[in-house]
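As a plain string of letters, each chain reads:
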Amino acid sequence: MRTGIPLEEAQTLLLDLIPPAKECQVTLDNAVGRVLSQDIQTTINLPPFDKSPLDGYALQAKDTKDASISNPAILNVVEEVRAGYVPEKQVISGTAIKVMTGAPLPKGADVIIKFEDVNRTGNKVELFYPLKPGCNIIRAGEDVCRGEVIAQKGTVLTPPLVGLLAGIGVTAIPVVSKVKVAILSTGDEVIDPAEELTPGKIYNSNLHSLGAYCSQLGAAPLTIGIVPDEEAAIVERITQALELADLVITTGGVSVGDYDIVPAALKKIGADIVFWKVDMKPGSPVIAARYNNKLIIGLSGNPAAAFITFDLIVVPLIKKMMGFENKLPLKFSAILGDDFNKASDQRRFLRAKVQKLNDINYVKLTGEQSNGVLKSMVACNVLIDVPAGSGPLQAGQEVAAVMVGGSDLLL
Ligand code: AMP
Ligand code: MG
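Not measured: the values here are computed from a predicted model. (Residues numbered from 1 in each chain as written. Chains lettered and ligands numbered in written order. Predicted model: local features only at pLDDT ≥ 70, side-chain atom pairs only at ≥ 80, totals over all residues. Heavy atoms only, no water.)

## Concerning the site of ligand 1
Turning to step 1, where the next piece is worked out: Around ligand 1, the surrounding shell holds 17 residues, and the nearest of these are E189, N204, S205, G253 and G301.
Turning to step 2, where the next piece is worked out: Here a nitrogen atom of ligand 1 sits 3.1 Å away from a polar atom, N or O, in the main chain of S205.
Turning to step 3, where the next piece is worked out: At a separation of 2.9 Å, an oxygen atom of ligand 1 approaches a polar backbone atom of G253.
Turning to step 4, where the next piece is worked out: For ligand 1, whose accessible area on its own is 480 Å², the fraction buried by protein is 79%.
Turning to step 5, where the next piece is worked out: Elements supplying a minimum of two residues to the shell around ligand 1: strand 12 (180-186) and strand 14 (202-203).
Turning to step 6, where the next piece is worked out: Residue classes in the shell around ligand 1 are distributed as four nonpolar, eleven polar and two charged. (Near = heavy atom within 4 Å. Polar contact = N/O pair within 3.5 Å; in protein donor to acceptor, adjacent residues only side chain to side chain. Areas by Shrake-Rupley, 256 points an atom, 1.4 Å probe, with all protein chains shown as cover. Helix = DSSP H or I, 4+ residues; strand = E, 2+ residues; numbered from the N terminus. Nonpolar A, V, L, I, M, F, W, Y, C, P; charged D, E, K, R; others polar.)

## What about the layout of surface pockets?
Turning to step 1, where the next piece is worked out: Roughly 440 Å³ of volume is contained in the largest pocket.
Turning to step 2, where the next piece is worked out: Considering the residues around the largest pocket, the lining is formed by 30 residues, among which E189, G252, S300, G301 and N302 are closest to the centre.
Turning to step 3, where the next piece is worked out: Contributions of two or more residues to the lining of the largest pocket are made by strand 12, strand 14 and helix 6 (303-321).
Turning to step 4, where the next piece is worked out: For the lining of the largest pocket, the residue count by class is nine nonpolar, 17 polar and four charged.
Turning to step 5, where the next piece is worked out: Of the pockets and cavities examined, the second largest pocket occupies roughly 290 Å³.
Turning to step 6, where the next piece is worked out: Taken together, 15 residues form the lining of the second largest pocket, with A21, K153, K320, G323 and F324 sitting closest to its centre.
Turning to step 7, where the next piece is worked out: Considered class by class, the residues forming the lining of the second largest pocket number five nonpolar, four polar and six charged.
Turning to step 8, where the next piece is worked out: Taken domain by domain, the lining of the second largest pocket gets at least three of its residues from each of domain 1 (2-22 + 177-321) and domain 2 (25-46 + 145-176). (1 Å grid on protein atoms, 1.4 Å probe; cavity = no way out; pocket = protein on both sides within 12 Å on 5 of 7 lines; lining within 4 Å. Points joined across faces, edges and corners; volume = space filled by probe spheres on them. Domains from an automatic or database assignment.)

## Some words on the packing of helix 4 (residues 231-244) against helix 5 (residues 262-269)
Turning to step 1, where the next piece is worked out: Remark: helix 4 packs on helix 5, axes separated minimally by 9 Å, with the N-to-C direction vectors making an angle of 60°. Between helix 4 and helix 5, the angle is such that the two are oblique. Once helix 4 is placed against helix 5, the crossing between them reads as right-handed. Across the interface between the two elements, E231, I234, V235, I238 and T239 from helix 4 touch V262, A264, A265, L266, K268 and I269 from helix 5.
Turning to step 2, where the next piece is worked out: Among the residues forming the contact of helix 4 with helix 5, the class breakdown is eight nonpolar, one polar and two charged. (Axes fitted to C-alpha atoms, helices over the stretch in contact; angles between N-to-C directions. Parallel < 35°, antiparallel > 145°, perpendicular 65-115°, else oblique. Left-handed = near helix turned anticlockwise from the far one by under 90°. Contact = heavy atoms within 4.5 Å.)

## A word on the sheet that holds strand 22 (residues 360-365)
Turning to step 1, where the next piece is worked out: Spatial strand order, 20-22-21-23-24: five strands in a closed barrel with mixed pairing. When the angles between neighbouring strand axes are averaged without regard to direction, this sheet yields 55°.
Turning to step 2, where the next piece is worked out: Here strand 20 (residues 331-336) runs beside strand 22; their pairing, made up of two bridges, is parallel. Within strand 22, the residue paired with I335 across the bridge is Y362.
Turning to step 3, where the next piece is worked out: Sitting on the sheet, helix 6 touches strand 21 (348-357), strand 23 (382-386) and strand 24 (398-403), and the angle it makes with strand 21 is about 70°. (Pairing = 2+ DSSP bridges.)

Following this line, the structure appears as structure tokens:
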């Protein structure tokens, strides 16, 4: 078992062990937010035919060559075509076909003129100026052309993309299967927020913050509930969770106190411990184990520590299982907006918010940085990565940062 390893090593070890994305199909109504598991190539043109963008007359441009106010071109209107119907006749010289918006361009016509620009009397239409061939025609394939790859594997389905798939007649959409993440909280003191708060107890925030994060990512959280600090109970619930989910997350009970029994429970199950403890603050006691090709990640119970380690260690795994190309948090450099007065013996991640001013990224701390404080996570969209052995930090100095909280999901 590895212990006290660098974060990057923990990330790589687990990314190598996590199985790749699985595939399924969804309908158009269920597609938004899902990730494409295959490239989508269109087998039709969109629009499928040359068509009229307006209500008007389709004709041959050469018939209008000498048209003027005093010498209008006069054409015989031989047919009227509504959107959704196909012209029966062809346009030949001296004739025009009335077309509505969306109607197919009649054969023989090479231009369309709008109603407002002509005079119609009986079956005759008068035109007062010469037209250029090709004007006012929407060409087949103007939007997408037959054979074109309209979206690539790994793309998140957005509302316009769902519309485009509908537009090319794709109704069974190949997507990555929803990743099922089981979350269970350990701790004798932890109770459900719906219960009455009694002395010594604390409401379970981890289950809900991490469950909400899974939902935001497009994964399916399975809330396994709260388990007391008893080895047998933890063994039973983790075993249950392993049957239901692709990935199991626990919170609490991973330090070295008398009742920190998640590591012992994992060994009891027969799981291989991949590592225990990562060289970072907060959240260092994180433990990772593998059983039957599935990973179990035990996070600290402290709400901010649990959230930050989830962000840096668990989210990349979910992203891999969801088929995302970029799994690791995006790194960038920024200018620190505030002083941070503590020295950092160990590598430390500080909660902050990034703001761009005159093309420079500034990161401002979002509040109290202790392990248990969740309030400063609320406005946090980046973590400042402070190397081990740093002294106090001063506003204005350059720092390294990573994007978190799902803020890089659509980048
Ligand atoms: P532990 O990791 O079990 O040592 O817990 C660390 C701290 O986090 C303790 O103060 C716990 O009471 C608190 N804690 C543990 N689990 C939760 C939870 N699910 N929600 C909120 N606080 C928790
Ligand atoms: Mg505990």
